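# Structural characterization, general
What follows is each chain in one-letter form.
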Amino acid sequence: MRCVALIVAAGRGERLGGDLPKQFLPLLGRPMLRRTIERFLGHPSVDAVRVVIDGRHEELYRTATAGLALLEPVAGGASRQESVRLGLESLVELAPGQVLIHDAARPLASAALVERVASMLRTADAALPALPVVDTLKRAEGARTAGDVPRDGLWRAQTPQGFRFAAILAAHRAQAGGAFTDDAAVAAAAGIEVSLVEGEEDNMKITHPADLARAERLLGGGQR
Ligand code: CTP
Ligand code: MG
């Protein structure tokens, strides 16, 4: 197997709240997780898709993914980092050359973005989609400003992030129990060089309730 997409969907969506974890909420009539998966399934650079879920959400997962040709889901852990590590461990028997690790909470990644990451990976050890920070950054103490932070050289990291499978598995094993919020950070801590590719403004992460309406506007506005 050449390239597997590993989608982490084992979170609880606490900042968004509501009755269902956010990845199972409908976005213009289809569950967010299903929309996310569809960005990878059938993509020419992706050979298979595995989703990491919370075992308690198995029924929600089956309903959301009905009819899709996926690898069997695996159970995640208490943190995103742990969920990714468990997902990587589950892929050992498939021995993919490369893995694209993606958040279920980013249902708008385009096929072109997936291709940019996959194609960077043909020459680089790791590929990270990111956008430069354009706003002026402030440090605050309570409700008052307490200085500016230079934005030069600062980027906003997105997913999918691409890696050589054996290298990112070893990195996650070595950094297990850490507090990393993305896999590029795990990779960097293990000495892997991470190359930037251009991210996408529309590839937003759905985090807060207002993000749902924005995502639906973006989905409704294009040929998606
Ligand atoms: N995730 C995961 N396992 C965890 C925590 C998060 O697989 N233990 C996944 C989420 O499902 C999501 C992605 O990691 O697709 C990014 O995490 P985030 O946006 O923080 O989602 P949640 O952790 O679900 O949301 P919150 O932090 O608001 O509870
Ligand atoms: Mg979280």
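Residues numbered from 1 in each chain as written. Chains lettered and ligands numbered in written order. Predicted model: local features only at pLDDT ≥ 70, side-chain atom pairs only at ≥ 80, totals over all residues.

An unreviewed UniProt entry annotates the chain as Bifunctional enzyme IspD/IspF originating from Marinimicrococcus flavescens. Regarding the chain, the UniProt comment filed under Cofactor (unreviewed entry) reads as follows: "a divalent metal cation". (UniProt positions renumbered as here; feature names shortened; annotations may be inferred.)

Attention now moves to the overall build of the chain. Tallying secondary structure elements over the chain gives seven helices and 12 strands in all. Along the first, second and third principal axes, the C-alpha set of the chain runs to 50 × 40 × 35 Å. Among the 224 residues that make up the chain, the fraction classed as buried is 39%. In the chain, the share of contacts with a sequence separation of at least 24, taken over all contacts with a separation of at least 6, comes to 68%. (Helix = DSSP H or I, 4+ residues; strand = E, 2+ residues; numbered from the N terminus. Buried ≥ 20, exposed ≤ 12 C-beta atoms within 10 Å, placed from the backbone. Contact = placed C-beta atoms within 7 Å.)

A separate point is the site of ligand 1. Surveying the vicinity of ligand 1 reveals 22 residues, the closest of which are Val8, Ala10, Gly11, Glu14 and Arg15. Those elements that provide at least two residues to the shell around ligand 1 are strand S1 (3-9) and helix H3 (80-90). Broken down by class, the residue content of the shell around ligand 1 amounts to eight nonpolar, eight polar and six charged. (Near = placed C-beta within 6 Å. Nonpolar A, V, L, I, M, F, W, Y, C, P; charged D, E, K, R; others polar.)

On to H3. Among the residues making up H3, those that are buried are Arg80, Gln81, Ser83, Val84, Arg85, Gly87 and Leu88. If you follow the buried residues of H3, they end up packed against S1, strand S4 (48-53), strand S5 (74-75), strand S6 (98-103), helix H5 (165-174) and helix H6 (183-189).

Right, let's get into the pairing of strand S7 (residues 126-132). In terms of strand pairing, S7 meets strand S11 (residues 161-164) through two bridges, oriented antiparallel. Across the sheet, residue alanine 127 finds its bridge partner in S11, namely glycine 162. Across four bridges, S7 lies against strand S12 (residues 195-198) in parallel orientation. Within the sheet, the bridge partner assigned to alanine 127 lies in S12 and is serine 195. Pairing of S7 with strand S10 (residues 155-157), which is carried by three bridges, proceeds in the antiparallel orientation. Across the sheet, residue leucine 131 finds its bridge partner in S10, namely arginine 156. (Pairing = 2+ DSSP bridges.)

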